[in-house]
Amino acid sequence: MTALIKVALILFTLFASTFLLLNLTGILTVELIEQWLTQAKELSPTYMGLFVISLLFLDLFVAVPTLTVAILAGYFLGHSYGFIAVLIGFSMAGMGGYCLSRWYGGKLLTVLIKDEQKRDEAITMFQKHGLVTILLSRAMPILPEVSACLAGMMKLRFRTFLSAWLVSTVPYAFIATYAGSISSIDNPKPAIFIAIGLSGLL
(Lines give C-alpha, C1' and ligand atoms only; values in the text may rest on other atoms or scores of the structure.)
Protein backbone atom coordinates (compact mmCIF):
# COMPACT_ATOMS: atom_id res chain seq x y z
CA MET A 1 0.00 0.00 0.00
CA THR A 2 2.87 2.37 0.89
CA ALA A 3 4.48 1.82 -2.51
CA LEU A 4 1.22 2.60 -4.32
CA ILE A 5 0.74 5.81 -2.31
CA LYS A 6 4.33 6.81 -3.10
CA VAL A 7 3.74 6.48 -6.86
CA ALA A 8 0.43 8.38 -6.62
CA LEU A 9 2.04 11.23 -4.67
CA ILE A 10 4.90 11.52 -7.14
CA LEU A 11 2.48 11.70 -10.07
CA PHE A 12 0.33 14.23 -8.19
CA THR A 13 3.39 16.39 -7.47
CA LEU A 14 4.46 16.31 -11.12
CA PHE A 15 1.02 17.45 -12.34
CA ALA A 16 0.69 20.06 -9.58
CA SER A 17 4.11 21.55 -10.36
CA THR A 18 3.02 22.30 -13.94
CA PHE A 19 -0.09 24.09 -12.64
CA LEU A 20 1.94 26.20 -10.20
CA LEU A 21 4.58 26.99 -12.81
CA LEU A 22 2.06 28.16 -15.40
CA ASN A 23 0.18 30.27 -12.86
CA LEU A 24 3.30 31.88 -11.44
CA THR A 25 4.62 32.72 -14.89
CA GLY A 26 1.20 33.87 -16.13
CA ILE A 27 1.44 31.63 -19.21
CA LEU A 28 -1.95 30.01 -18.55
CA THR A 29 -4.50 31.82 -16.39
CA VAL A 30 -8.30 31.71 -16.12
CA GLU A 31 -8.49 35.19 -17.65
CA LEU A 32 -6.35 34.11 -20.60
CA ILE A 33 -8.45 30.98 -21.16
CA GLU A 34 -11.63 33.09 -21.14
CA GLN A 35 -10.05 35.48 -23.66
CA TRP A 36 -9.07 32.59 -25.95
CA LEU A 37 -12.55 31.09 -25.77
CA THR A 38 -14.10 34.46 -26.62
CA GLN A 39 -11.86 34.78 -29.67
CA ALA A 40 -12.61 31.20 -30.73
CA LYS A 41 -16.35 31.84 -30.52
CA GLU A 42 -16.01 34.85 -32.82
CA LEU A 43 -14.55 32.56 -35.47
CA SER A 44 -17.01 29.66 -35.30
CA PRO A 45 -18.78 27.43 -32.74
CA THR A 46 -16.87 24.52 -34.30
CA TYR A 47 -13.54 26.17 -33.51
CA MET A 48 -14.85 26.92 -30.06
CA GLY A 49 -15.73 23.26 -29.45
CA LEU A 50 -12.38 22.07 -30.80
CA PHE A 51 -10.57 24.54 -28.58
CA VAL A 52 -12.44 23.32 -25.49
CA ILE A 53 -11.58 19.71 -26.39
CA SER A 54 -7.94 20.65 -26.95
CA LEU A 55 -7.69 22.49 -23.63
CA LEU A 56 -9.15 19.57 -21.70
CA PHE A 57 -6.88 17.09 -23.49
CA LEU A 58 -3.91 19.36 -22.73
CA ASP A 59 -4.76 18.87 -19.06
CA LEU A 60 -3.13 15.46 -19.35
CA PHE A 61 0.27 17.12 -19.83
CA VAL A 62 -0.18 20.53 -18.19
CA ALA A 63 -2.61 21.08 -15.32
CA VAL A 64 -5.53 23.15 -16.66
CA PRO A 65 -8.43 24.49 -14.50
CA THR A 66 -10.87 21.98 -16.00
CA LEU A 67 -13.93 23.00 -13.97
CA THR A 68 -13.53 26.58 -15.18
CA VAL A 69 -13.13 25.41 -18.78
CA ALA A 70 -16.25 23.21 -18.47
CA ILE A 71 -18.33 26.07 -17.06
CA LEU A 72 -17.09 28.46 -19.76
CA ALA A 73 -17.88 25.83 -22.41
CA GLY A 74 -21.48 25.77 -21.19
CA TYR A 75 -21.59 29.56 -21.20
CA PHE A 76 -20.18 30.02 -24.71
CA LEU A 77 -21.57 26.92 -26.46
CA GLY A 78 -24.78 26.29 -24.55
CA HIS A 79 -25.51 23.24 -22.46
CA SER A 80 -25.85 20.54 -25.14
CA TYR A 81 -22.84 21.42 -27.32
CA GLY A 82 -20.78 22.43 -24.31
CA PHE A 83 -21.48 19.10 -22.62
CA ILE A 84 -20.49 17.13 -25.74
CA ALA A 85 -17.23 19.09 -26.15
CA VAL A 86 -16.33 18.75 -22.47
CA LEU A 87 -17.14 15.03 -22.39
CA ILE A 88 -14.99 14.40 -25.47
CA GLY A 89 -12.13 16.42 -23.98
CA PHE A 90 -12.29 14.64 -20.62
CA SER A 91 -12.52 11.24 -22.33
CA MET A 92 -9.54 11.93 -24.59
CA ALA A 93 -7.45 13.04 -21.60
CA GLY A 94 -8.43 9.96 -19.60
CA MET A 95 -7.85 7.46 -22.40
CA GLY A 96 -4.62 9.22 -23.39
CA GLY A 97 -3.29 9.01 -19.84
CA TYR A 98 -4.30 5.38 -19.56
CA CYS A 99 -2.76 4.32 -22.89
CA LEU A 100 0.51 6.24 -22.47
CA SER A 101 0.96 4.84 -18.97
CA ARG A 102 0.02 1.33 -20.10
CA TRP A 103 2.70 1.48 -22.83
CA TYR A 104 5.47 3.35 -21.03
CA GLY A 105 4.51 3.35 -17.35
CA GLY A 106 6.16 0.01 -16.62
CA LYS A 107 9.63 1.52 -16.97
CA LEU A 108 8.73 4.42 -14.69
CA LEU A 109 7.20 2.04 -12.16
CA THR A 110 10.47 0.04 -12.12
CA VAL A 111 12.38 3.22 -11.35
CA LEU A 112 9.96 4.37 -8.63
CA ILE A 113 9.58 0.95 -6.98
CA LYS A 114 12.80 -1.02 -7.32
CA ASP A 115 11.64 -3.98 -5.22
CA GLU A 116 9.79 -6.43 -7.50
CA GLN A 117 7.63 -7.79 -4.68
CA LYS A 118 6.50 -4.30 -3.69
CA ARG A 119 5.74 -3.53 -7.34
CA ASP A 120 3.56 -6.61 -7.61
CA GLU A 121 1.80 -5.66 -4.35
CA ALA A 122 1.12 -2.13 -5.64
CA ILE A 123 -0.30 -3.48 -8.91
CA THR A 124 -2.50 -6.00 -7.07
CA MET A 125 -3.70 -3.34 -4.63
CA PHE A 126 -4.69 -0.93 -7.40
CA GLN A 127 -6.42 -3.63 -9.42
CA LYS A 128 -8.52 -4.42 -6.33
CA HIS A 129 -9.28 -0.86 -5.19
CA GLY A 130 -8.43 1.36 -8.16
CA LEU A 131 -12.04 1.43 -9.31
CA VAL A 132 -12.99 3.50 -6.24
CA THR A 133 -10.09 5.89 -6.88
CA ILE A 134 -11.28 6.56 -10.42
CA LEU A 135 -14.91 6.96 -9.36
CA LEU A 136 -13.94 9.57 -6.75
CA SER A 137 -11.24 11.24 -8.85
CA ARG A 138 -13.35 14.30 -9.71
CA ALA A 139 -13.28 15.28 -6.04
CA MET A 140 -9.96 17.08 -6.46
CA PRO A 141 -8.08 18.87 -9.24
CA ILE A 142 -5.27 16.81 -10.81
CA LEU A 143 -6.59 13.56 -9.27
CA PRO A 144 -8.41 12.49 -12.48
CA GLU A 145 -5.17 12.58 -14.50
CA VAL A 146 -3.28 10.79 -11.72
CA SER A 147 -5.94 8.04 -11.51
CA ALA A 148 -5.94 7.57 -15.30
CA CYS A 149 -2.15 7.22 -15.37
CA LEU A 150 -2.19 4.86 -12.39
CA ALA A 151 -4.84 2.72 -14.09
CA GLY A 152 -2.65 2.29 -17.15
CA MET A 153 0.55 1.83 -15.17
CA MET A 154 -1.03 -0.78 -12.90
CA LYS A 155 -2.59 -2.57 -15.89
CA LEU A 156 -6.22 -2.18 -14.85
CA ARG A 157 -8.49 -3.60 -17.55
CA PHE A 158 -9.33 -0.87 -20.08
CA ARG A 159 -13.06 -1.69 -20.00
CA THR A 160 -13.09 -1.33 -16.20
CA PHE A 161 -11.17 1.94 -16.35
CA LEU A 162 -13.35 3.45 -19.07
CA SER A 163 -16.59 2.49 -17.33
CA ALA A 164 -15.48 4.04 -14.03
CA TRP A 165 -14.11 7.10 -15.83
CA LEU A 166 -17.40 7.77 -17.61
CA VAL A 167 -19.47 7.18 -14.46
CA SER A 168 -17.46 9.87 -12.66
CA THR A 169 -17.12 12.22 -15.64
CA VAL A 170 -20.57 12.34 -17.27
CA PRO A 171 -22.47 13.84 -14.28
CA TYR A 172 -19.60 16.22 -13.56
CA ALA A 173 -19.49 17.50 -17.16
CA PHE A 174 -23.29 17.71 -17.33
CA ILE A 175 -23.62 19.81 -14.16
CA ALA A 176 -20.63 22.07 -14.92
CA THR A 177 -21.77 22.92 -18.44
CA TYR A 178 -25.34 23.44 -17.23
CA ALA A 179 -24.02 25.92 -14.66
CA GLY A 180 -22.28 27.85 -17.42
CA SER A 181 -25.29 27.75 -19.74
CA ILE A 182 -27.63 29.41 -17.21
CA SER A 183 -25.12 32.08 -16.19
CA SER A 184 -24.32 35.42 -17.73
CA ILE A 185 -21.88 38.27 -17.27
CA ASP A 186 -24.56 40.16 -15.35
CA ASN A 187 -25.55 37.13 -13.29
CA PRO A 188 -22.60 34.76 -12.70
CA LYS A 189 -24.10 33.42 -9.45
CA PRO A 190 -25.44 30.11 -10.87
CA ALA A 191 -21.97 29.15 -12.11
CA ILE A 192 -20.30 30.23 -8.86
CA PHE A 193 -22.80 28.47 -6.59
CA ILE A 194 -22.87 25.26 -8.63
CA ALA A 195 -19.05 25.19 -8.86
CA ILE A 196 -18.76 25.56 -5.08
CA GLY A 197 -21.55 23.03 -4.49
CA LEU A 198 -20.08 20.51 -6.94
CA SER A 199 -16.61 20.75 -5.40
CA GLY A 200 -18.02 20.54 -1.89
CA LEU A 201 -20.25 17.57 -2.71
CA LEU A 202 -17.41 15.63 -4.29
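This text follows the structure it describes.
Residues numbered from 1 in each chain as written. Predicted model: local features only at pLDDT ≥ 70, side-chain atom pairs only at ≥ 80, totals over all residues. Heavy atoms only, no water.

A. Structural context of the overall build of the protein. From N to C terminus, the protein includes nine helices and zero strands. Going from the N terminus to the C terminus, the protein shows its helices and strands as α-α-α-α-α-α-α-α-α. The buried share among the 202 residues of the protein stands at 45%. Put simply, 76% of the contacts in the protein that link residues at least 6 apart link residues at least 24 apart. Of the roughly 10,700 Å² of accessible surface on the protein, 69% is carried by carbon and sulfur atoms. (Helix = DSSP H or I, 4+ residues; strand = E, 2+ residues; numbered from the N terminus. Buried < 20%, exposed > 50% of the residue type's maximum accessible area, 1.4 Å probe, protein only. Contact = heavy atoms within 4.5 Å. Areas by Shrake-Rupley, 256 points an atom, 1.4 Å probe, with all protein chains shown as cover.)

B. A look at the packing of helix H6 (residues 116–135) against helix H8 (residues 158–181). Look at H6 against H8: their axes get within 8 Å of each other, and the N-to-C directions meet at 25°. When the interaxial angle is binned, H6 and H8 end up roughly parallel. H8 is crossed by H6, and the crossing has right-handed handedness. Along its contact with H6, which presents Leu131, Ile134 and Leu135, the element H8 presents Thr160, Phe161, Ala164, Trp165, Val167 and Ser168. When its residues are assigned to classes, the contact of H6 with H8 shows seven nonpolar, two polar and no charged. (Axes fitted to C-alpha atoms, helices over the stretch in contact; angles between N-to-C directions. Parallel < 35°, antiparallel > 145°, perpendicular 65-115°, else oblique. Left-handed = near helix turned anticlockwise from the far one by under 90°. Nonpolar A, V, L, I, M, F, W, Y, C, P; charged D, E, K, R; others polar.)

C. Up close: the packing of aromatic side chains. Inspection of the entire model under this criterion finds eight aromatic pairs. Judged by centre distance (4.9 Å) and plane angle (15°), the rings of tyrosine 98 and phenylalanine 161 are stacked. Taken together, the positions of tyrosine 98 in helix H5 (residues 79–112) and phenylalanine 161 in helix H8 put the pair 63 residues apart, joining distant regions of the chain. In this structure an aromatic cluster arises from ring pairing among Tyr98, Phe158, Phe161 and Trp165. The ring centre of tyrosine 172 lies 5.5 Å from the NZ or CZ of arginine 138, which sits over that ring. (Phe/Tyr/Trp six-rings, centres within 6.5 Å; stacked < 30°, edge-to-face > 60°. Lys NZ or Arg CZ within 6 Å of the ring centre and 35° of its normal.)

D. Representation of the nonpolar core within the structure. One finds Val7, Leu150, Met154 and Phe161 to be the most contacted residues of the largest nonpolar core, which totals 29 residues. At the level of secondary structure, the elements contributing two or more residues to this core comprise helix H1 (2–25), H5, H6, helix H7 (143–153) and H8. Setting aside anything within four residues of it in sequence, one finds valine 7 in contact with Leu109, Leu112, Ile113, Leu150, Met153 and Met154. The next biggest cluster of nonpolar side chains, apart from the first, holds 24 residues, and it includes Met48, Ile53, Phe76 and Ala176. (Core = buried A, V, L, I, M, F, W, Y, C linked by side-chain atoms within 4.5 Å.)

E. Spotlight on the packing of H5 against H7. Where H5 meets H7, the axes come as close as 6 Å, and the angle between the chain directions of the two elements is 55°. In this view, H5 runs oblique relative to H7, as classed from their interaxial angle. Remark: the crossing between H5 and H7 carries right-handed chirality. Contacts between H5 and H7 involve Gly94, Gly97, Tyr98, Ser101, Arg102, Gly105, Leu108 and Leu109 from the former and Ala148, Cys149, Ala151, Gly152 and Met153 from the latter. Classifying every residue of the contact of H5 with H7 by side-chain character gives seven nonpolar, five polar and one charged.

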